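# Observations on the model geometry
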Amino acid sequence: MALKPSWKLILSAMTVLVLCTSQATARTAPDASMAEKHEQWMARFGRAYKDDTEKAYRFNIFKENVAYIESFNEAGARPYKLAINKFADLTNEEFQASRNGFKMGSHLKASKVSSFRYANFTAVPPSMDWRKKGAVTGVKDQGQCGCCWAFSAVAATEGINQLKTGKLISLSEQELVDCDTSEDQGCNGGLMDYAFEFIIGNHGLTSESNYPYEGVDATCNAKKESSRVAKITGYEDVPANSESALLKAVANQPISVAIDAGGSDFQFYSSGVFTGECGTELDHGVTAVGYGKTSDGTKYWLVKNSWGSSWGENGYIRMQRDIDAAEGLCGIAMKASYPTA
Ligand SMILES: *[C@@H]1O[C@H](CO)[C@@H](O)[C@H](O)[C@H]1NC(C)=O
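None of the values given here were measured: they were computed from a predicted structure.

### Let's talk about the overall build of the protein chain
Counting its secondary structure elements, the protein chain contains 10 helices and 13 strands. A buried classification covers 54% of the 341 residues belonging to the protein chain. Excluding contacts between residues fewer than 6 apart, the proportion of contacts in the protein chain whose partners are at least 24 apart in sequence is 76%. Just so you have it, the protein chain exposes about 14,500 Å², and 51% of that area is on carbon and sulfur atoms.

Shown next as structure tokens:
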């Protein structure tokens, strides 16, 4: 998938479509030679190459990535660590091409101007972790399907549903992938706001257990779709480019956010407070489920990813909060939104 830069700019300004793949971390013995490391890594992730030429080619990329990750960690110049994971034999360009996508939908609508119900909220606690309040389901993994938009929208919906009803019910991403097809494009990308519109129009969403995740585009199962277990009545956008507005929102419920997750450091993030490198070309949908401050005073957003629990901090990333740029780190404050009950 190659878009000309000019198109990419135009399209990215209009919509955010999200493609991602799963990630997992691996550790190798420090004394293993690089070739042994590569063999161990291949075994761990079940990777096979079609011939020796491809293996040699992939080995060189692996070697460069390992060198980058190790020198990054040894330098210790940043408050976060990287780790060798399943993308260790991909160049960053390949990684981006396989998981970042800006595509124009067939019926793009202008972003709705909505009210912001938390505009005057002042009782913002110093920290928040919606997991501790029982409003966050376990970390999920969308595998090779580029539907993080569905995982992000579902996580925010699971959150508001728990806050409204007291019940935490894991909801169905596959229903969105299969049935929410007027604007969103299943494994080829989508937008969280369109997913909220679908859930409103559909009068609810069914459960994960009733309509389990398959990770491929499939036909909408109308029977499963008709068994609704959680409802939303509307959605609102957080005023763009304001981390203080985002803070008021996250203080009240889990919030869908779009970020630029295309960089090598995001690709290999393992632990700590992520401070970049990243840009603001939004390509990934995730969920802000809290915020806080480390003992040394670094403020962060607590973000739930959908790359399985072996990526990052048990599937989560802490991203630096209140940076100088209004867009927030990796553009986290640019396109945040949430369902209303
Ligand atoms: C916030 O307060 C202002 C001033 O009182 C008011 O005009 C506005 O409607 C309030 N916004 C919300 C979302 O309650």
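What follows continues from the structure just given.
### Some points on the packing of aromatic side chains
Ring pairs (aromatic) are described by centroid distance and by the angle formed between their planes. All chains considered together, the criterion is met by 17 aromatic pairs. Arranged with centres 5.4 Å apart and planes meeting at 35°, the rings of tyrosine 118 and tyrosine 338 form a pair that is tilted. Here the residue tyrosine 118 occupies a position in the loop between β5 (100-101) and β6 (128-129), and tyrosine 338 occupies one in strand β13 (residues 337-340), the gap between them amounting to 220 residues. Residue tyrosine 118 shares its accessibility class with tyrosine 338, and that shared class is buried. One aromatic cluster is present, built from ring pairs that chain together Tyr68, Phe72, Tyr80, Phe266, Tyr269, Phe274, Trp307 and Trp311. The ring of tyrosine 316 carries the charged tip of arginine 131 above its face, separated from the ring centre by 4.4 Å. Across the ring face of tryptophan 301, the terminal group of arginine 321 is positioned such that the distance to the ring centre comes to 5.6 Å.

### So, the side chain of threonine 298
Within the fold, threonine 298 resides in the loop between β10 (284-293) and β11 (299-304). Here the side chain of threonine 298 touches aspartate 296 through a polar contact of 2.9 Å, side chain to side chain. Aside from chain neighbours lying at most four places away, what touches threonine 298 is Val273, Gly292, Lys293 and Gln320.

### Section: unusual backbone geometry
Excluding glycine, most residues fall at negative phi; most peptide bonds, likewise, are trans. The omega torsion across glycine 276 and glutamate 277 is 15°, close enough to zero to call that bond cis. Note that glutamate 277 resides in the loop between β9 (269-274) and β10. Not every positive phi belongs to a glycine, and aspartate 322 is a case in point at roughly 60°. Assignment of secondary structure puts aspartate 322 in the loop between β12 (316-320) and β13.

### Observations concerning helix α7 (residues 192-201)
The buried count for α7 comes to 7 of 10 residues, which makes it a mostly enclosed element. By the burial criterion, the buried members of α7 are Met192, Asp193, Tyr194, Ala195, Phe196, Phe198 and Ile199. Looking at the residues trailing α7, positive phi occurs at histidine 203, about 60°.

### Side note on the side chain of threonine 340
Mapped onto the elements of the fold, threonine 340 is located in strand β13. Under the relative-accessibility criterion, threonine 340 is labelled buried at 5%. Apart from residues lying up to four places away in sequence, threonine 340 is in contact with Arg117, Ile160, Ile232, Thr233, Gly234, Tyr235 and Glu236.

### So, the state of the cysteines
Taken as a whole and judged by the stated rule, the model has 3 disulfides. With its sulfur 2.1 Å from that of its partner, cysteine 145 forms a disulfide with cysteine 187. Judged by the torsion about the S-S bond (-100°), the cysteine 145/cysteine 187 disulfide is left-handed. One end of the pair, cysteine 145, is in the loop between β6 and α5 (148-165); the other, cysteine 187, is in the loop between α6 (173-179) and α7, and 42 residues separate them in sequence. According to the relative accessible area criterion, cysteine 145 is buried, its value standing at 1%. When its relative accessible area of 12% is taken as the criterion, cysteine 187 is described as buried. Here cysteine 179 connects covalently by a disulfide to cysteine 220, the sulfurs 2.1 Å from one another.

### A closer look at helix α3 (residues 52-75)
Over its 24 residues, α3 extends 34 Å from the first C-alpha to the last, a length consistent with the 34 Å expected when each residue adds 1.5 Å. Its side-chain oxygen placed 3.2 Å from the backbone nitrogen of threonine 53, aspartate 51 serves as the N-cap of α3. Immediately downstream of α3, the backbone of glycine 76 shows phi near 55°, a positive value.

### Quick notes on the pairing of β10
Burial within β10 is extensive, with 9 of its 10 residues counted as buried. In terms of strand pairing, β6 meets β10 through 2 bridges, oriented antiparallel. Bridged to methionine 128 within β10 is tyrosine 291. The sheet contact formed by strand β8 (residues 255-259) and β10 spans 5 bridges and is antiparallel. Note that in β10 the partner of isoleucine 255 across the bridge is alanine 288. Adjacent in sequence and paired antiparallel, β10 and β11 are bridged by 5 residues, among which glycine 297 carries a positive phi angle near 95°.

### So, the confidence of the model for the protein chain
Residues at a pLDDT of 70 or more form 86% of the protein chain, whose mean pLDDT is 88. For the stretch residues 1-26, pLDDT sits under 50, and the model shows 103 contacts to residues farther than four places along the chain or on other chains. Counted against residues more than four places away or in other chains, residues 100-108, with its pLDDT under 50, gives 36 contacts.

Rules of the game
- Residues numbered from 1 in each chain as written.
- Predicted model: local features only at pLDDT ≥ 70, side-chain atom pairs only at ≥ 80, totals over all residues.
- Heavy atoms only, no water.
- Helix = DSSP H or I, 4+ residues; strand = E, 2+ residues; numbered from the N terminus.
- Buried < 20%, exposed > 50% of the residue type's maximum accessible area, 1.4 Å probe, protein only.
- Contact = heavy atoms within 4.5 Å.
- Areas by Shrake-Rupley, 256 points an atom, 1.4 Å probe, with all protein chains shown as cover.
- Phe/Tyr/Trp six-rings, centres within 6.5 Å; stacked < 30°, edge-to-face > 60°.
- Lys NZ or Arg CZ within 6 Å of the ring centre and 35° of its normal.
- Polar contact = N/O pair within 3.5 Å; in protein donor to acceptor, adjacent residues only side chain to side chain.
- Disulfide = S-S within 2.5 Å.
- Expected span 1.5 Å × (residues − 1).
- Pairing = 2+ DSSP bridges.
- pLDDT = per-residue confidence, 0-100.

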